[in-house]
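# Descriptive analysis of the structure
Read off the chains here:
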Amino acid sequence: MRWRRPTRRSLFLTVGAASVGALAGCLTDEGELPAPITIDADHNCPVCNMVIVNHPGPAGHAFYPDDADIPDQDVQDGVVPYCASTCAYEYVFEYEEYGEDPRVIYLTDYSKVDWEIYRDGDVKYITAHFEADVHTDARDLTFAVDSEVLGAMGQSVIGFSDPEDAESFAEEYGGDIYDHDSITRELIDSLGFV
């Protein structure tokens, strides 16, 4: 078969199809997903009522549809913020039982930050990061779960957008690897979250 130079029309169609495909990944039934926000000192976790920025480990927030039947006091600056990934999943699972699904859940992406492990006595903690640009859609993260490194609520679900980063973390600090769809309420409860 002889190679033919692509026509201008075929290039436009290819670029157009690729653009539509890329845009579809950012859309829900309600349109484009909202961008993540920066968690600040005014944000309290509705699960445990802790001031989020005062605690270590992965934090996050979820956007719910405007007509979602969730408590008004849980919505802060248009989002439901969480002090820990475990709180995020616990909240989401609870409201899924009532038919309320978030549009998107953003969690700290440790592939995007210079994180550190520090000790408080015999306990190892991972640093917290609250800026909007370090939060990633949970569906795009690979998680190291049940490692020796703790967050705000004890055992953490630590997310990485690069699966190799998650594997390296688990090799060094222990834990098992999960994707978003594999995180269950039973798993969160098994981490000692009540």
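Preceding this paragraph is the structure being described.
Anyway, here's the lowdown on the structure attached to this text. Because the structure is predicted, anything quoted here is derived from the model rather than measured. (Residues numbered from 1 in each chain as written. Predicted model: local features only at pLDDT ≥ 70, side-chain atom pairs only at ≥ 80, totals over all residues. Heavy atoms only, no water.)

What follows concerns helix H2 (residues 85–96). Along its 12 residues, H2 runs 16 Å from first to last C-alpha, staying within 8% of the 16 Å computed at 1.5 Å per residue. The element H2 is largely enclosed, with a buried count of 10 among its 12 residues. Taken as a whole, H2 has its buried residues at Ser85, Thr86, Cys87, Ala88, Tyr89, Glu90, Tyr91, Val92, Phe93 and Tyr95. Each element contacted by the buried residues of H2 is listed here: strand E4 (80–82), strand E5 (104–108), strand E9 (142–151), strand E10 (154–160) and helix H4 (185–190). (Helix = DSSP H or I, 4+ residues; strand = E, 2+ residues; numbered from the N terminus. Expected span 1.5 Å × (residues − 1). Buried < 20%, exposed > 50% of the residue type's maximum accessible area, 1.4 Å probe, protein only. Contact = heavy atoms within 4.5 Å.)

Examined against the element boundaries, glutamate 116 turns out to sit in the loop between E5 and strand E6 (117–120). Classification of glutamate 116 as exposed rests on a relative accessible area of 53%. The spacing of glutamate 116 and alanine 128 is 12 residues in sequence and 9.0 Å in space, taken between C-alpha atoms. Those residues in contact with glutamate 116 that lie beyond four places of it in its chain are Tyr125, Ile126 and Thr127.

All right, on to the environment of histidine 129 then. For histidine 129, the location among the structural elements is in the loop between strand E7 (123–126) and strand E8 (135–137). Measuring from C-alpha to C-alpha, the distance between histidine 129 and valine 53 comes to 8.6 Å, with 76 residues separating the pair along the chain. Sequence-distant contacts of histidine 129, that is, excluding residues within four places in its chain, are made with Thr108, Tyr110, Val113, Asp114, Trp115, Val134 and His135. There is a polar contact of 2.9 Å between the side chain of histidine 129 and the side chain of threonine 127. (Polar contact = N/O pair within 3.5 Å; in protein donor to acceptor, adjacent residues only side chain to side chain.)

Take it as geometry only, folks, not as evidence of what the structure does.
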